[in-house]
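Each chain is listed here by its residues.
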Amino acid sequence: MTLKMQGAQTSAEVGRRHGITGEAARQQLLKLHEDGLVTEERRSSGRGRPSTYWHLSEKGQARFPDTHAALTVDILRSISEVLGPEALDRVIAEREATTLAHYLDALSGCSGTRERLEKLAALRNAEGYMAQVEEGEDGALLLVENHCPICAAASVCQGFCRAEKAVFQNALGAGATIERDEHIVSGGRRCTYVVRETVA
């Protein structure tokens, strides 16, 4: 969970997060490595020995929910092949409208971009996206999603990702702009959205 949420970490960093020694963390990471759940990477930062950073492996990533990936992909392909790509676009548009209505209802009591974004992150977290809000540069806020439970579907049909960004923009309202920075489907470790308040 630490590697999923925080990205590559040294054993010392993992230890600090869990209140144990770096060596105790390293022993746990070695066990995960033996099970094929993590991989190691040597990084040189000037003089001295390179540091070892630990990443989740593909097998480790598979421990997190994938929302029945294979079935989802098959259904999407079938819709497109049997009913045509326009039908798939209509399905995505319907999902977008339903999701947006749910979010707008949940955010109706929120005031200000920060509060709306925090609520949106909580909603996404409940849906399995492991979402959180972070401070960005130049006063921007970041909506970070450390996991994509529909990644297989989004990989097959980019319409899901386009719809997601549009839903976020509409949910946050005219007082903010949102731009995607990192993108899991494009090879990123997480999906990151940069949110800035618009100047009236």
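Look above for the structure.
These figures come from a predicted structure and were not determined experimentally.

A. Molecular detail of the environment of L143. As for its placement among the helices and strands, L143 is situated in strand β4 (residues 141–145). Owing to a relative accessible area of 0%, L143 belongs among the buried residues under this scheme. The spatial distance from the C-alpha of L143 to the C-alpha of L120 is 8.8 Å, given a sequence separation of 23 residues. Once you skip the residues sitting within four places of it in the chain, L143 turns out to touch L117, L120, A121, Q132, F168, C191, T192 and Y193.

B. Examining the pattern of salt bridges more closely. All chains considered together, the criterion is met by ten salt bridges. Note that R124 and E164 form a salt bridge whose closest N and O atoms lie 2.2 Å from each other. Separated by 40 residues along the polypeptide, R124 in helix α7 (residues 113–126) and E164 in helix α9 (residues 159–172) bring together distant segments of the chain. Through salt bridges with shared partners, a single network forms among R124, E127, E145 and E164.

C. Inspection of the side chain of Q132 at higher detail. Along the polypeptide, Q132 turns up in strand β3 (residues 131–135). For Q132, the side chain forms a polar contact with the side chain of E134, separated by 2.7 Å. Setting aside its immediate chain neighbours within four residues, Q132 contacts M5, A121, L142, L143, V144 and N146.

D. Region of the structure containing the pairing of strand β6 (residues 191–197). Counting buried residues in β6 gives five out of seven residues, a clear majority hidden from the surface. Here β4 pairs with β6 via five bridges, running antiparallel. Bridge pairing in β6 links L143 to Y193. Pairing of strand β5 (residues 176–180) with β6, which is carried by five bridges, proceeds in the antiparallel orientation. Its bridge partner being in β6, E179 is matched across the sheet by V194.

E. Structural detail: the environment of Y193. Here Y193 shows up in strand β6. By relative accessible area, Y193 is classed as buried at 0%. For the pair Y193 and L142, spaced 51 residues apart in sequence, the C-alpha to C-alpha distance is 5.5 Å. Dropping the residues within four chain positions of it, Y193 is found in contact with L141, L142, L143, E145, E164, K165, F168, I178, E179 and R180.

F. Representation of unusual backbone geometry within the structure. One non-glycine residue, M130, lies in positive phi territory at about 50°. Residue placement: M130 occurs in the loop between α7 and β3. Among the residues examined, M130 registers a relative accessible area of 10% and is labelled buried.

Rules and cut-offs
- Residues numbered from 1 in each chain as written.
- Predicted model: local features only at pLDDT ≥ 70, side-chain atom pairs only at ≥ 80, totals over all residues.
- Heavy atoms only, no water.
- Helix = DSSP H or I, 4+ residues; strand = E, 2+ residues; numbered from the N terminus.
- Buried < 20%, exposed > 50% of the residue type's maximum accessible area, 1.4 Å probe, protein only.
- Contact = heavy atoms within 4.5 Å.
- Salt bridge = Lys/Arg side-chain N within 4 Å of Asp/Glu carboxyl O.
- Polar contact = N/O pair within 3.5 Å; in protein donor to acceptor, adjacent residues only side chain to side chain.
- Pairing = 2+ DSSP bridges.

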